[in-house]
Amino acid sequence: MSDQKANIGVVGLAVMGSNLARNLASREGNTVAVYNRTWARTEELITEHPEAGFIASESIDDFVASLATPRTAIIMVQAGKGTDAVISQLVERFEPGDIIMDGGNANFHDTIRREKEISPTGIHFVGTGISGGEEGALNGPSIMPGGSVESYKTLGPILASIAAVAEGEPCVTHVGTDGAGHFVKMIHNGIEYADMQLIAEAYDLLRRVGGLEPSAIADVFTEWNKGYLESYLIEITAEVLKQTDAATGKPFVDIVLDEAGSKGTGVWTVQNALDLGVPVGGIAEAVFARAVSSKPAQRAAVQSVVTDRPEVQGVDASFADDVSKALYASKVVAYAQGFDAIIAGAEKYGWQIDKGNIAKIWRGGCIIRAQFLNRIVDAYAENANIATLLEAPYFAKAVAEGEAAWRRVVSTAALSGVPVPGFSSALSYFDSLAQKRLPAALVQGQRDFFGAHTYKRVDKPGVFHTLWSGDRTEIETEPSTH
Ligand code: 6PG
């Protein structure tokens, strides 16, 4: 082994790890050490990329010895047990002041636990969300580090050097302590699920109600990508729809099995939002839509009994424009829900999260990157304490302008028998917030009837119960605890 030391190391050289290591090596001032559980993978990487000047080690001991002190290592292995195994190997060998960064899609609860376990050793553990897929890892991802402020002093400049740049600023910020980075990455993925589902519903409507072929829909999306819907996901959707299957000559989208998979981050978002009491219906519907698609037996069973399908409603040339407005309004709702979850998570876990900075680092590199995020940056710059993004003047106006189209699209979809769980749940959420009175009052009455769960009145303070099985008079009482 040479005497040269690396200022940063990467453990785990599957695609994301290799690309991140190559990205690091391409930036001036970095010497990158690499290590993988199997040497063959390391050998392949260093042979294919001699230009990177990697310091490669066959053993974890040599890897640790190849790092300049204080040591900084980025773990890019599969989230879960694999991560714990690598962490303990490093913790055994690292010294106080060294930094271990987990760049995988870890569950933030694991990150909080790991940080707690490691911090007494004096080693910094930094859970970091990285978004942008393989391409982003190589050319510039959006990076969401948690961990201590102190560790960010060392890690921040290194991460800034490899991050995407949006409007002249690197897409990285210290999100908050311990699990904050992985929490925010989880919410990013939840929003990603919602955005993808909404785009898929728009496609389905344009095809089944609008009668357009995939290649024509690709053109519609390409047009949309020049306006207020501009985003990476709209751009790649046009590419996917343009694709023709070489074997059959059919549109690619028609030869793909329509059962959507997932790796869990969307589910985590919804689980945690439920725990936090934050309504994230748009994200939940996107997770459920994947689940419904992946239930072939139930789909076949219902298809066998439902023979009389509604007739597709006739629409005019303005339908695509209506769909774009419905998509935009639904997307505003999904982002509003995601940011609500960030605010609630920050409060529960004691993180100081700057919402505007999160919107800023999502403008480039990540899967949900879009012009749209600039509007969120503006909204929080104007007033960091708005109750919901839907209240921000720009979004309030955009939703108001699209509202009639949104309603037309959702009703046309319902009448045509085209499922739009994302569009319709977003509209119901908006309508719920917009009501002066909700039927929740009746739910309170029902709860009080069967369980004496009590209720509050609109006209005076206090907690009340009606003696439903007695003379039905009202008594003032204590809040129910059962
Ligand atoms: C990213 C992506 C990436 C991955 C997710 C979602 O930000 O780069 O979100 O993390 O695509 O794991 O994948 P699933 O759809 O398989 O859950």
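Please read these numbers as outputs of a predicted model, since none were measured by experiment. (Residues numbered from 1 in each chain as written. Predicted model: local features only at pLDDT ≥ 70, side-chain atom pairs only at ≥ 80, totals over all residues. Heavy atoms only, no water.)

Quick word on a nonpolar patch on the surface
Okay, so step 1: Nonpolar side chains collect at one region of the surface, where Val240, Phe252, Ile255 and Val256 lie side by side and expose about 280 Å² of accessible area between them.
Okay, so step 2: Inspection of the secondary structure puts Ile255 in helix α11 (residues 252-255). (Patch = residues over 30% accessible without salt bridge, like charges linked within 9 Å, V, L, I, M, F, W, Y side chains within 5 Å. Areas by Shrake-Rupley, 256 points an atom, 1.4 Å probe, with all protein chains shown as cover. Salt bridge = Lys/Arg side-chain N within 4 Å of Asp/Glu carboxyl O. Helix = DSSP H or I, 4+ residues; strand = E, 2+ residues; numbered from the N terminus.)

Some words on the site of the ligand
Okay, so step 1: Residues in close proximity to the ligand total 13 residues, the closest being Ser131, Glu192, Tyr193, Lys263 and Arg290.
Okay, so step 2: Lys263 has a polar backbone atom sitting 2.8 Å from an oxygen atom of the ligand.
Okay, so step 3: Arg290 places a side-chain nitrogen or oxygen 2.9 Å from an oxygen atom of the ligand.
Okay, so step 4: Protein chains shield 81% of the accessible area of the ligand, which is 410 Å² for the free molecule.
Okay, so step 5: Sorting elements by how many residues they give to the shell around the ligand places helix α8 (residues 180-208) first, with five residues.
Okay, so step 6: Among the residues making up the shell around the ligand, the classes are represented as two nonpolar, seven polar and four charged. (Near = heavy atom within 4 Å. Polar contact = N/O pair within 3.5 Å; in protein donor to acceptor, adjacent residues only side chain to side chain. Nonpolar A, V, L, I, M, F, W, Y, C, P; charged D, E, K, R; others polar.)

Thoughts on the packing of aromatic side chains
Okay, so step 1: With the rule as written, the count across this model stands at 18 aromatic pairs.
Okay, so step 2: Taking the centre distance of 5.6 Å and the plane angle of 45 degrees together, the rings of Phe339 and Tyr380 count as tilted. With a gap of 41 residues between them, Phe339 in helix α15 (residues 319-349) and Tyr380 in helix α17 (residues 372-382) connect regions that are remote in the sequence.
Okay, so step 3: Look at Phe339 and you get buried, because its relative accessible area is 0%. (Phe/Tyr/Trp six-rings, centres within 6.5 Å; stacked < 30°, edge-to-face > 60°. Buried < 20%, exposed > 50% of the residue type's maximum accessible area, 1.4 Å probe, protein only.)

Some words on the sheet that holds strand β1 (residues 8-11)
Okay, so step 1: Taken in spatial order, the seven strands of this open sheet run β3-β2-β1-β4-β5-β6-β7, and their pairing is mixed. Among the strands making up the open sheet, the edge pair consists of β3 (55-56) and β7 (142-145).
Okay, so step 2: Relative to β7, strand β6 (residues 124-131) runs antiparallel, the two sharing four bridges. The partner of Ile130 across the bridge, within β7, is Ile143. (Pairing = 2+ DSSP bridges.)

Re the side chain of Ser330
Okay, so step 1: As for its placement among the helices and strands, Ser330 is situated in helix α15.
Okay, so step 2: Under the relative-accessibility criterion, Ser330 is labelled buried at 1%.
Okay, so step 3: In this structure Ser330 touches Leu198, Trp406, Phe423 and Ala426, once residues within four positions along its chain are discounted. (Contact = heavy atoms within 4.5 Å.)

Quick word on the side chain of Thr412
Okay, so step 1: Looking at the secondary structure, you find Thr412 in helix α18 (residues 393-416).
Okay, so step 2: A residue is classified by how much of its surface remains accessible, and Thr412, at 15% relative accessible area, is buried.
Okay, so step 3: A polar contact of 2.7 Å, which involves the side chain of Thr412, links it to the backbone oxygen of Arg408.
Okay, so step 4: Look past the residues within four positions of Thr412 in its chain and what remains in contact with it is Val209, Gln313, Val315 and Phe319.

Quick word on the nonpolar core
Okay, so step 1: Counting 92 residues, the largest nonpolar core has Leu205, Phe221, Trp224, Trp362, Ile376, Trp406 and Phe423 as the members making the most contacts within it.
Okay, so step 2: Every residue in contact with Trp362, bar those within four places of it in the chain, is listed here: Ser142, Met144, Val184, His188, Ile191, Phe339, Ile342, Ile368, Arg369, Ala370 and Leu373.
Okay, so step 3: Val32, Ile158, Leu159 and Ile162 belong to the second-largest nonpolar core, a separate cluster that totals 26 residues. (Core = buried A, V, L, I, M, F, W, Y, C linked by side-chain atoms within 4.5 Å.)

Focus: the packing of helix α12 (residues 265-276) against helix α13 (residues 281-293)
Okay, so step 1: Interhelical geometry of α12 versus α13 gives an angle of 140 degrees and a closest axis separation of 9 Å. Here α13 runs oblique to α12, going by the angle between their axes. Along this stretch, α12 crosses α13, giving a crossing that reads as left-handed. Listed contacts from α13 to Gly266, Val267, Thr269 and Val270 of α12 are Ile283, Ala284 and Val287.
Okay, so step 2: Tallied by class, the residues present in the contact of α12 with α13 amount to five nonpolar, two polar and no charged. (Axes fitted to C-alpha atoms, helices over the stretch in contact; angles between N-to-C directions. Parallel < 35°, antiparallel > 145°, perpendicular 65-115°, else oblique. Left-handed = near helix turned anticlockwise from the far one by under 90°.)

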